[in-house]
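# Close look at the chain arrangement
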Amino acid sequence: MSSMLHLKLPGRSDAIRSFKAQGGKIAGVLPIHYPRALLRSFNLLPVEIWGPPRIDPVFGSAHLQPYICSIVRNALSFVQTNPFQTVDVLLVPHACDSLQGLGSILLDFVPPEQPVLPLYLPRGQGMNKASFLQKELETLYQKLKNITGYSPSQDEMMQKILYEEEADQKLASLHRQRRNLPLSDIEFYCLIRAREFLPAEKFSEIAQQILDQVRDEILSGIPIVISGILPEPMALLNEITQMGGMIAADDLACSGRRLYPPGRSQEPFLRMAESLLGAAPSWSWGSPIQDRLEHLMGLIQASEAKGVVFYNIKFCEPELFDLPSLREGLQAAAIPSTVVEVDINDPLSNQMLTRIEAFLEMIA
Amino acid sequence: MSAFGWLTYAWNVQLLGPAALRINRWLSESRDKRGSRWNAETLAPPLKISFKNKELVGRHWLEGRYANLRHKVAWVTSGAPVEIFKALDYYVLYPENHAAICGTARVAVELSCEAENAGYSRDICSYARTDFGTLLSGKTPVGRLPKPDLLVACTNICQTVLFWYRVLARHFHVPLIVIDTPFVYYKEASAHALDYVMRQLEEAISVAERVAGKSLEERRLRTTARLSKMASELWLEIMGRNAHRPAPISVIDQFIQMAPIVEMRGDPETVDFYAAMLEEVDQRIRQGIGAVKNERKRLLWDNLPVWYRLRYLAEFLGEHGIALVASTYTNAWGELAPMIDPDGGMDAMARAYTYPILNRGTRYKLETMREMIERFDLDGVILHSDRSCKPYSIGQMDQRDRLLKDHDTPALLLEADHNDSRSFSEEQIANRLAAFVEMLGVEKWQRSAHWG
């Protein structure tokens, strides 16, 4: 069944080495939303840092209290080691109180070797959201210009934007056609999470090879939707497959909530802002919970999923606030859901797997 | 409003209620002559103004019970630009204050459990859980909460309020105004951030006008902003008086007396209240009265109070001759007073509401603490690592280290929660406080040693 076996999917380190060999530089990027095209315009390859899982969190623990989530704690530990010995710039987008605090600590108290650039993402409601973000991106442009000494033209930026938009479209197609792709869950998530570090052109090329293999046959397994921040440890996906489940759609911050539509404007900064703001509704944009619920229901309907697994990171307050309302809404529509909570440093627990297995048996 | 509604409101809020509260104050004042329930050997008696405070706050919540009969009601966050809503005649309710009342009344855990039973995690803010508990159970120590017609969440104190108010919006099906104030990582907010906040304020006004069914009068907005500024300046002056030795009031007193500056900012009664409080504080200075008798060490408190253990902390520290003299938290409601410009329009309002300490970087807070240590001549700092308030708490570990290493100021990190007593380990806290007190070089105050 697996066509991934025929594909050579570069790893994170390979992608970085290859990009640097061509004279490029690396931007380490914290979750969740950011303008890829803007970084690429400065010949910076964005490489995302979602924790990462299973590293020694001692450094982070010396600076953050135990009730701060493991993504932020690990990230603080990780960036201090100058990951890959190659990160040239660190971008810290704003998303929640913890990431906000992380950005502040990195600027004020434990500065890494690289310049740290915070980016504020708007969560107001009015029409001026896009214009604020546009100006925020212009400010980021100026900072990158000062760091790199390079000033990309509008045409260069538009070219990068188009590359990224194409990759985003391919990513969205992969999600839409998930059940017709000859990929297991682990293969699918390895592929789509490669968007976290591959150059857009390379990702588009690989994604197209997979999309060319779309078939009529529908992937077997009990279809579920997974919601949360990220599917770590990734071994979880193999376990779900073995239990007879399959992830038919996702509302994960690292993937499904980042399917950006193309912007409309011909002005590059505004176009990038429009694209980012077009992402799925979530707390990170201040979207109403009802919008999140409707989005979730849409995913369930389109993927014919039979239930939802909320896969939460311990202490992720924004997710925890939405949970009861989302579950209540799903229950009203007779859609079963379950909640499991993880720390990205912990191995898969049997207790959690038993819970997911019981849930799959219930909805089968 | 119906005639019956008008009569009900007038009878309860304007006649019977205030009279009952006034009588209650008189009775409390006369009872008080018999002495405080708190340790009178080491602590000064409560401020006389406390009884007025209780009456004022009581009237506010009494009005809340009947507010839906006469006013549009707005539930707002403590950092929201309340002047707009006051000037539009909204009855303004602060869910954070309500939760704090539940904390001091020690019903917060019971209410939190109601929320937890409905699926809300113990890892979310305990203020939010407390209020969700009230919504779900109807239980509250203030009688009854009025239903909101409008919700206003301003992110200048935390992002949590946005997540919290999204839940409220879904629960009540009323409009939610979000005033998103970009976090100030550097010394100054960017021009486009201030412009963004200003435009949101303009949009907020049009939504608030629509819900209120009336237009905002500039004259009334200016008057409310002026009253806000006056009250904030008085509050700042009161806190500034603690530069005296002994400090006339403690931070615990400030926590208790801060309710009006938070929930009644913009009211003339609030200005009168703080003017009277300032007089009493000055009188204490003239008489040489200190909040802690035999004041030997002076400390700074960082972060929210531990609402359900105010007395414990006051007495423990008081027994050792330690006064909590200043607090970054109570200071937050005064430090922006100079920025409030009643004639400055939306531009000035955007600036004032973008710069609260909680919307600024971790270094700014450290610098604020250093400045307060100098100004109030302090001997150490207690940093309350508040499980429920991540934005206030993140950075404290580095702030503590910097205070110790760079400023030679002893600093203690105290793990607790502002409203959830289940996160308050009394034994552990007593041990940590005892060790800190020892480090400060003070021993428990012995009555015989001083009274011969």
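Scoring rules and cut-offs
- Residues numbered from 1 in each chain as written.
- Chains lettered and ligands numbered in written order.
- Predicted model: local features only at pLDDT ≥ 70, side-chain atom pairs only at ≥ 80, totals over all residues.
- Heavy atoms only, no water.
- Pairing = 2+ DSSP bridges.
- Helix = DSSP H or I, 4+ residues; strand = E, 2+ residues; numbered from the N terminus.
- Axes fitted to C-alpha atoms, helices over the stretch in contact; angles between N-to-C directions.
- Contact = heavy atoms within 4.5 Å.
- Buried area = accessible area lost by both parts, 1.4 Å probe.
- Salt bridge = Lys/Arg side-chain N within 4 Å of Asp/Glu carboxyl O.
- Polar contact = N/O pair within 3.5 Å; in protein donor to acceptor, adjacent residues only side chain to side chain.
- Nonpolar A, V, L, I, M, F, W, Y, C, P; charged D, E, K, R; others polar.

## Considerations on the sheet that holds strand β8 (residues 337–342) of chain A
Residues and elements named next belong to chain A. The strand order across the open sheet formed by 4 strands is β6-β5-β7-β8, and the pairing between neighbours is parallel. Only two strands of the sheet have a single partner each, and these edge strands are β6 (245–252) and β8. Within the sheet, the average angular offset between the axes of one strand and its neighbour, ignoring direction, is 25 degrees. Here 7 bridges tie strand β5 (residues 222–228) to β6, and the two strands are oriented parallel to one another. Residue pairing across strands places Ile-222 opposite Gly-245, the latter belonging to β6. Along the sheet, helix α12 (residues 289–303) makes contact with β5, β6 and β7 (307–313), crossing β6 at roughly 150 degrees.

## Some points on unusual backbone geometry
Residues and elements named next belong to chain A. A cis amide bond links Gly-51 to the next residue, Pro-52, at an omega of -10 degrees. A cis amide bond links Glu-232 to the next residue, Pro-233, at an omega of -5 degrees. With respect to the secondary-structure elements, Pro-233 resides in the loop between β5 and α10 (235–242). Positive phi, normally seen in glycine, also occurs at Asn-43, with a value near 60 degrees. Within the fold, Asn-43 resides in the loop between α2 (36–41) and β2 (44–48).

## Here's the deal with the interface of chain B and chain A
Where the parts come together, the accessible area they lose is often given as the size of the interface. Between chain B and chain A, the residue contacts involve 53 residues of the former and 60 residues of the latter. Buried surface at the junction of chain B and chain A, both sides included, amounts to about 4,700 Å², of which 57% is carbon and sulfur. Ranking the residues of chain B by area buried against chain A places B:Arg166, B:Arg170 and B:Tyr185 at the top, with a combined share of 17%. Scanning the region where chain B abuts chain A turns up 2 salt bridges. A salt bridge links B:Arg166 to A:Asp322; its shortest N-O distance comes to 2.7 Å. Here chain B is connected to chain A by 28 residue pairs in polar contact (both at pLDDT 80 or more). Elements with a contribution of two residues or more to the side of chain B that touches chain A: α6 (126–137), α7 (160–172), β4 (176–179), α8 (191–212), α16 (362–375), β7 (380–386), α17 (390–393) and α18 (396–407) of chain B. For the side of chain B that touches chain A, the residue count by class is 25 nonpolar, 15 polar and 13 charged.

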